[in-house]
Amino acid sequence: MDTCPDCTYVKEQVEGNGKYEIIDIGAHVRNLKEFLRLRDSSKAFDEAKKEGLAGIPCFVLEDGTVTLVPEEAGLRSRPAEQGASCSLDGSGC
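Within each chain, residue numbers correspond to sequence positions counted from 1 in written order. In keeping with the model being predicted, local features are shown solely for residues with a pLDDT of at least 70 and side-chain atom pairs are shown and tallied solely at 80 or more, while totals for entire chains, interfaces and linings include all residues. Side-chain measures were taken over the full set of non-hydrogen atoms in the model, leaving aside hydrogen atoms and water.

(A) Inspection of the overall build of the protein at higher detail. Each helix corresponds to a stretch of at least 4 residues labelled H or I by DSSP, and each strand to a stretch of at least 2 residues labelled E; elements are numbered beginning at the N terminus. In terms of helices and strands, the protein carries three helices and two strands. Across the protein, helices and strands are ordered from the amino to the carboxyl terminus as α-α-α-β-β. Any residue under 20% of the maximum accessible area for its type is buried, any over 50% is exposed, and the rest in between are partly exposed; the area is computed with a 1.4 Å probe on protein chains only. Classification of the 93 residues of the protein by burial places 30% in the buried group. For the protein, the proportion of contacts with a sequence separation of at least 24, taken over those separated by at least 6, is 41%. For this analysis, residues touch if any pair of their heavy atoms sits within 4.5 Å.

(B) Summary view of the pattern of salt bridges. Here a salt bridge means any side-chain nitrogen of Lys or Arg lying within 4 Å of a carboxyl oxygen belonging to Asp or Glu. Tallying each qualifying case throughout the model produces three salt bridges. For Asp-2, the salt bridge is made with Lys-11, and the minimal N-O distance between the two is 3.5 Å. A salt bridge links Asp-6 to Arg-78; the shortest N-O distance between them is 2.8 Å. Of this pair, Asp-6 sits in helix 1 (residues 5-14) while Arg-78 sits in the segment after strand 2 (66-67), placing them 72 residues apart in sequence. For Asp-6, a relative accessible area of 16% corresponds to the buried category. Judged by its relative accessible area of 16%, Arg-78 falls in the buried class.

(C) Seen up close, the state of the cysteines. When two cysteine sulfur atoms lie within 2.5 Å, the pair is treated as a disulfide. Following the criterion strictly, the structure yields zero disulfides and no others. Residue Cys-58 stays outside any disulfide, its sulfur separated by 8.6 Å from that of Cys-7, the closest cysteine.

(D) Just the layout of surface pockets, in detail. Method remark: on a 1 Å grid restricted to protein atoms, a set of points is classed as a cavity if a 1.4 Å probe fits but cannot get out and as a pocket if it is open with protein on both sides within 12 Å along at least five of seven lines; lining residues have an atom within 4 Å of a point. Grid points are joined across faces, edges and corners, and a volume is the space filled by probe spheres set on the points. Space inside the largest pocket adds up to approximately 830 Å³. Sorting the residues of the lining of the largest pocket by element identifies helix 1, helix 2 (29-41) and strand 1 (59-60) as the ones contributing at least two each. The greatest single-element share of the lining of the largest pocket, amounting to five residues, is contributed by helix 1. Of the residues belonging to the lining of the largest pocket, the class tally is 18 nonpolar, two polar and seven charged. Note that Gly is not counted as nonpolar here; it falls among the polar residues with everything else outside the nonpolar set of Ala, Val, Leu, Ile, Met, Phe, Trp, Tyr, Cys and Pro and the charged set of Asp, Glu, Lys and Arg.

(E) Region of interest: the nonpolar core. Cys-4, Cys-7, Ile-25, Phe-35, Phe-45, Ile-56 and Val-66 form the largest nonpolar core, which has seven residues in total. Those residues in contact with Val-66 that lie beyond four places of it in its chain are Leu-38, Ser-42, Ala-44, Phe-45, Phe-59 and Val-60. Joining through side-chain atoms within 4.5 Å is the link that ties buried Ala, Val, Leu, Ile, Met, Phe, Trp, Tyr and Cys residues into a set, and such a set is a nonpolar core. If you look at the next biggest cluster of nonpolar residues, it comprises five residues, including Val-10, Phe-59, Ala-73 and Leu-75.

So, in C-alpha cells, the structure goes:
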C-alpha cells in the first residue's frame with residue numbers, strides 16, 4: 001500500500017526488477033480479498049495478528065513460503081530511525 005512506509009521502502013528496492021511482483025492491496029478490492037485469504041490461512045501472520053498489525057508488507061516466495069521478513073525475500077527492512085510506521089506506537093504495519 002502506498003500509505004505504508006514499510007511497503008514503499010520495499011517498493012523502492014524492487015522497482016524495475018522483474019524478479020519481484022508488487023501487488024498493492026489498496027489498489028483494488030480483489031487484491032485486498034486475496035491478501036485477507038492469505039492472512040487468514042497462513043501461520044506467518046500469527047504474531048502480527050497478536051500484535052494488532054496488518055502484516056504488510058508480506059512476501060510469497062517462489063516455493064510458496066510466506067514471510068513478513070524482507071531479508072528472507074532478498075531485501076532490506078526499513079531502518080527504524082527513518083520515522084514512524086503504520087502503527088500508532090510506531091512499531092509496524
